[in-house]
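Fold and contact review
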Amino acid sequence: MSTQAARRRPGASPGPGSRPSARRRPNRRPTRAQLYRRKVVRRRVGAILAMLVVTVVVCTVWFTPALGVREVEVRGIANLTGDEVRTAAAIEPGTPLVRLDVDAVAARVRELPRVAGVEVERVVPGTVRLTVDEREPVAVIIAPDGAHLVDVTGKDYATVVQPPAGLPELKVSSDAVAAAVSVLTQVPGALREDVLSVAADSPSDIRLMLSGGREARWGSPVDTVRKAAVLDVLMTRKGTVFDVSSPELPTVS
């Protein structure tokens, strides 16, 4: 067979012993531009997802009762009841904790006469804790309607049938209450325990009535610490009236 005859016609099928020509595979590696675009897309999707999560959390916390008030816990009370404090606090159940106006709650609780102060805390997931500081009496005013308790600030905050034992009685004018209490709270404990009552017609005319029929004429609350030191020495002398209203010139009679 001639060489020309041995040639295959164009388009003819290859013979059984021949190999097909290798086809080139396309380059599948992404270009830098494609990588950059993918990176940008991923960042945008991540940012959108993060914003959605934050939005859901904020809406849940701020607008729904999921983290709302379910309990109002009251601590520090002695004479008040928990229900009295809760009623004064007026906290609506279900109110989101983050939206609770703690200053307004504290102001309402402080309107109770027996409350000297209160701390309001949010406790996740749904508790409001009220820690109350009740007033403590340092003296008593006896009146027809009962015994009026007076605290360290001179505030008449409660009326009881029987006064607590050991409290001195205030027999003072209304404008002298604060001055009398100021003296009582500044004198040494041993002297304060000896005071049966405090008399005063004015803030500058305070007199301490002591046990054993003795009297300490104090004058005004000015220089109370110094007057107490002078009185301690003066009471070593015989007498029933000890005048320290002028600590530079004390007298005994």
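Residues numbered from 1 in each chain as written. Predicted model: local features only at pLDDT ≥ 70, side-chain atom pairs only at ≥ 80, totals over all residues. Heavy atoms only, no water.

Here the focus is the pattern of salt bridges. Within this structure, the stated rule accounts for nine salt bridges. Here Asp83 and Arg86 are joined by a salt bridge, their closest N and O atoms 3.3 Å apart. Residue Asp83 and its partner Arg86 are both found in helix α3 (residues 82–89); the two are separated by three residues, about one turn of the helix. Classification of Asp83 as exposed rests on a relative accessible area of 55%. In this structure, Glu248 engages Arg226 in a salt bridge whose closest nitrogen and oxygen atoms are separated by 3.3 Å. In this pair, Glu248 is assigned in the loop between β11 (241–243) and β12 (251–252) and Arg226 in helix α7 (residues 224–234), connecting sequence segments 22 residues apart. On the basis of relative accessible area, Arg226 is assigned to the partly exposed category, the value being 41%. Sharing partners across several salt bridges, the network here consists of Asp205, Arg207, Glu215 and Arg217. (Salt bridge = Lys/Arg side-chain N within 4 Å of Asp/Glu carboxyl O. Helix = DSSP H or I, 4+ residues; strand = E, 2+ residues; numbered from the N terminus. Buried < 20%, exposed > 50% of the residue type's maximum accessible area, 1.4 Å probe, protein only.)

Relative to the elements of secondary structure, Asp243 occurs in strand β11. Notably, Asp243 is buried but unbridged: the nearest opposite-charge side chain belongs to Arg217, and the N-O separation is 4.8 Å. Polar side-chain contacts of Asp243 include one of 2.6 Å to the side chain of Ser245. Excluding residues that lie within four positions of it along the chain, Asp243 makes contacts with Arg217, Leu234, Pro250 and Thr251. (Lys, Arg positive; Asp, Glu negative; His and termini not counted. Polar contact = N/O pair within 3.5 Å; in protein donor to acceptor, adjacent residues only side chain to side chain. Contact = heavy atoms within 4.5 Å.)

Bringing the nonpolar core into the picture now. In terms of nonpolar packing, the biggest core is built from 26 residues, with Leu170, Val172, Val198, Ile206, Leu208, Trp218 and Leu231 touching the most fellow members. Every element with two or more residues in this core is listed here: β7 (169–172), α5 (177–186), β8 (195–200), β9 (206–210), β10 (215–219) and α7. If you look at the next biggest cluster of nonpolar residues, it comprises 20 residues, including Val72, Leu97, Val105 and Val132. (Core = buried A, V, L, I, M, F, W, Y, C linked by side-chain atoms within 4.5 Å.)

With 82% of its residues at a pLDDT of at least 70, the protein chain reaches an overall mean of 86. Overall, residues 1–6 carries pLDDT values under 50, and its contacts beyond four positions in sequence, including any with other chains, amount to one contact. (pLDDT = per-residue confidence, 0-100.)

As a further point, take the environment of Gly68. Note on placement: Gly68 falls in the loop between α2 (32–63) and β1 (71–75). Ignoring any residue separated from it by four or fewer positions in sequence, one finds Gly68 in contact with Gly94, Thr95, Pro96, Leu97, Pro125 and Gly126.

This paragraph deals with a positive patch on the surface. Residues Arg37, Arg38, Lys39, Arg42 and Arg43 make up a contiguous surface patch of positive charge. If you trace the backbone, Arg42 turns up in helix α2. (Patch = residues over 30% accessible without salt bridge, like charges linked within 9 Å, V, L, I, M, F, W, Y side chains within 5 Å. Areas by Shrake-Rupley, 256 points an atom, 1.4 Å probe, with all protein chains shown as cover. Charge placed at Lys NZ, Arg CZ, Asp CG, Glu CD.)

With that settled, the discussion passes to α7. The α-helix winds at 3.6 residues per turn, so residues separated by three or four positions along the chain end up facing the same way. Taken as a whole, α7 has its buried residues at Thr224, Lys227, Ala228, Leu231 and Leu234. Buried residues of α7, seen end-on, are gathered within an arc of 120 degrees and therefore sit on one face of the element. Of the exposed residues in α7, those oriented more than 90 degrees away from the buried face are Val225, Asp232 and Val233. (Arc of directions from axis to C-beta.)

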